[in-house]
Amino acid sequence: MKYDDVNQPKHYMGEGVDGQNIECIDAMVAVYGEERVKEWAEVNAFKYQWRQGKKGDQAEHLKDKQKIIWYTRYSMGDDPRRDETIDMYAEEKCDFQGDTEKDD
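Everything numeric here is computed off the predicted structure, so don't read it as measured data.

**Q** So what's going on with the overall build of the protein? Which residues, and what values?
**A** Helices and strands together make up the secondary structure of the protein, namely 4 helices and 4 strands. Tracing the protein from N to C terminus, the helices and strands come up as β-β-α-α-α-α-β-β. Taken across its 104 residues, the protein has 25% of its residues classed as buried. Contacts spanning at least 24 positions in sequence make up 34% of the contacts within the protein whose residues lie at least 6 apart. In the structure as shown, the protein presents an accessible area of about 8100 Å², 51% of it carried by carbon and sulfur atoms.

**Q** Can you break down the nonpolar core residue by residue, with the values?
**A** Generally speaking, nonpolar side chains in soluble globular proteins are found buried as a group. With 10 residues, the main nonpolar core is built from I25, M28, V37, A41, A45, Y48, I68, W70, Y71 and Y74. If you list the elements that add at least two residues to this core, you get α1 (24–32), α2 (34–51) and α3 (58–75). Non-local contacts of I68, meaning those with residues more than four positions away in its chain, are made with A45, Y48, Q49 and Q52.

**Q** Summarise the environment of A41; cite the residues concerned and give the values.
**A** Within the fold, A41 resides in helix α2. Residue class for A41 comes out buried when judged on its relative accessible area of 0%. Separated by 31 residues in the primary sequence, A41 and T72 have C-alpha atoms spaced 6.7 Å apart. For A41, the residues in contact, after removing those within four places along its chain, are Y71, Y74 and S75.

**Q** Give me the confidence of the model for the protein: which residues, what numbers.
**A** Per-residue pLDDT for the protein averages 77, and the proportion of residues at 70 or more is 62%. Within the protein, strand β3 (residues 92–94) has the poorest average pLDDT of any element, 42, and α2 the best, 96. Counting contacts from residues 85–104, a segment whose pLDDT is below 50, to residues more than four positions away or on other chains yields 11 contacts.

**Q** Explain the pattern of salt bridges to me, using residue names and the numbers behind them.
**A** The full count for this structure, using the stated rule, is 9 salt bridges. Two residues, R81 and D26, come together in a salt bridge whose shortest N-O distance is 2.9 Å. Here D26 lies in helix α1 and R81 lies in the loop between α3 and α4 (83–88), a separation of 55 residues in the sequence. A relative accessible area of 18% means that R81 is categorised as buried. Its salt-bridge partner being E34, residue K38 comes within 3.8 Å of it at the nearest N-O pair. Remark: E34 and K38 occur in helix α2; sequence separation between them is 4 residues, near one turn of the helix. Within the structure, one salt-bridge network assembled from shared partners comprises E23, D26, D79 and R81.

Calculation criteria
- Residues numbered from 1 in each chain as written.
- Predicted model: local features only at pLDDT ≥ 70, side-chain atom pairs only at ≥ 80, totals over all residues.
- Heavy atoms only, no water.
- Helix = DSSP H or I, 4+ residues; strand = E, 2+ residues; numbered from the N terminus.
- Buried < 20%, exposed > 50% of the residue type's maximum accessible area, 1.4 Å probe, protein only.
- Contact = heavy atoms within 4.5 Å.
- Areas by Shrake-Rupley, 256 points an atom, 1.4 Å probe, with all protein chains shown as cover.
- Core = buried A, V, L, I, M, F, W, Y, C linked by side-chain atoms within 4.5 Å.
- pLDDT = per-residue confidence, 0-100.
- Salt bridge = Lys/Arg side-chain N within 4 Å of Asp/Glu carboxyl O.

Okay, here's the thing in structure tokens:
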């Protein structure tokens, strides 16, 4: 698994009840439900927007902007962690019915 400070921070991984690794946000969904976690993500995005530019250096400011985007997307049901999976199928085209076809 590829870790980074915005999309999959290593410090938010833990061991689930089945002995497998689970990310904190997935455990939150299991405990509180998806809608409550989406609302939390929206509030968390607000927090990062509020503090933007007030903590750390330029690199920290950029991370805050990335986190604003990450949490906003998650709050709208667009889980940014799925981007890597989507990229694997970049050569496929989707039609309006959701079917896929390969590029020729």
